[in-house]
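Close look at the chain arrangement
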Amino acid sequence: PKDTRPNLLLNIGRRGTKSSTIAVLTAFETYKLLKKYCPQNYYRIMPDQEIRITCVATNQEQACEVFRMITGHLERSDYFTKFRNKPTLNYMQLSTLRDIEQYGPGQRPSIRIVAAPCSGRGLRGHNNIIAILDELAYFFETESSVDRSDDNIYESVIPSVAKFNSPEGEPHGRIMSISSPAARSGKFFDLYQRSMEKDCNDLLMISAPTWEVDYTLSPKFLR
């Protein structure tokens, strides 16, 4: 049967190709989005309202690493040539078929892929069809602010994906949480535990050690 759980949790060791896996999945989701003439109409939002794919990490530099992997796939594929604008250091804009027909290629793109630092305030107010939380187990609040905490970040992105449902009601908005394991506490660990509950129907969890995912690492290094 088709697995309809929209959210993904990757619990994989360091150097385990987590970011590479997420980049491939996100490029494919971008392809599916652009196959729709007007994704905004499909998801019943205003036709010129921006749809985002946001990569969040502990800092801007790390968020840009995942962003570059995703946009690298889009730039290497001929399919995306007519849709994409040249990326900046931290965002890429893409035009839907409706955007191109209404305004011309690259003139008013309504899809944006963004690299964002870890900030709950900065994530509010946008429509994210995908929110990628890279190394979620290492999001921490500071003594002066909880804005960067794992709970605050996760709670900030949940409403942003809520609008993206198929006409049949199947959720298409996705939160992809990826991390190498850390302490047995915090939001990432809570999600990991919840994924194994019998009534969990919104979260797919994949857990694997590094050596099962990346066979190129030497046994000597892993030992």
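It should be noted that the structure appears before, not after, this text.
Calculation criteria
- Here, residues in each chain are numbered from 1, in the same order as that chain's written sequence.
- Two thresholds apply to this predicted model, a pLDDT of at least 70 for residue-level local features and 80 or more for giving and counting side-chain atom pairs, whereas whole-chain, interface and lining totals are computed over all residues.
- The side-chain numbers reported here are obtained from all heavy atoms of the structure, hydrogens and water having been left aside.
- A pair of strands is considered paired only if DSSP assigns at least 2 bridges between the two.
- Going along the chain from the N terminus, every DSSP run of H or I of four or more residues is numbered as a helix, and every run of E of two or more is numbered as a strand.
- What counts as an axis is a line fitted to C-alpha atoms, over the stretch in contact for a helix, and the angles between N-to-C directions run from 0 to 180 degrees.
- The contact criterion used throughout is that any non-hydrogen atoms of two residues lie within 4.5 Å.
- The buried label goes to any residue with under 20% of its type's maximum accessible area, the exposed label to any with over 50%, and the partly exposed label to all in between, with areas taken from a 1.4 Å probe on protein chains only.
- Here, a salt bridge means any Lys or Arg side-chain nitrogen found within 4 Å of an Asp or Glu carboxyl oxygen.
- We call a set of buried Ala, Val, Leu, Ile, Met, Phe, Trp, Tyr and Cys residues a nonpolar core when their side-chain atoms join them within 4.5 Å.

**Here we look at the sheet that holds strand β5 (residues 128-134)**
Taken in spatial order, the seven strands line up as β3-β4-β2-β5-β6-β1-β7 in an open sheet, and their pairing is mixed. In this open sheet, the two edge strands, each paired with only one partner strand, are β3 (91-94) and β7 (203-208). Each strand of the sheet is rotated relative to its neighbour by a mean of 10°, with strand direction disregarded. Both β3 and strand β4 (residues 111-116) contribute to a ladder of four bridges, which runs antiparallel. Looking at β4, one finds that Q93 is bridged to R112. This element, helix α1 (residues 18-34), spans β1 (7-12), β2 (51-56), β3, β4, β5 and β6 (174-179) of the sheet and lies at about 165° to β6.

**Brief notes about the pairing of β6**
The buried count for β6 comes to six of six residues, which makes it a mostly enclosed element. In β6, alternate side chains face the same way, and those of R174, M176 and I178 on one face and I175, S177 and S179 on the other are all buried. Here β5 pairs with β6 via five bridges, running parallel. Considered in β6, the bridge of D134 is made with I178.

**Structural notes on the pattern of salt bridges**
Counting across every chain of the model gives eight salt bridges. Its salt-bridge partner being R98, residue D48 comes within 3.2 Å of it at the nearest N-O pair. Residue D48 is found in the loop between α2 (39-42) and β2, and its partner R98 is found in helix α4 (residues 97-103); the two are separated by 50 residues along the sequence. The exposure class of D48 is partly exposed, given its relative accessible area of 38%.

**Some remarks on the nonpolar core**
The tendency in soluble globular proteins is for nonpolar side chains to be buried side by side. The biggest cluster of nonpolar side chains holds 34 residues, and the ones touching the most others in it are L94 and I129. Put simply, the parts of the chain that give this core at least two residues each are β1, α1, β2, α3 (60-76), β3, β4, β5 and β6. Sorting elements by how many residues they give to this core places α3 first, with six residues. Residues in contact with L94, not counting those within four places in the same chain, are T30, L34, L74, F80, F83, R84, D99, P109, S110, I111 and I113.

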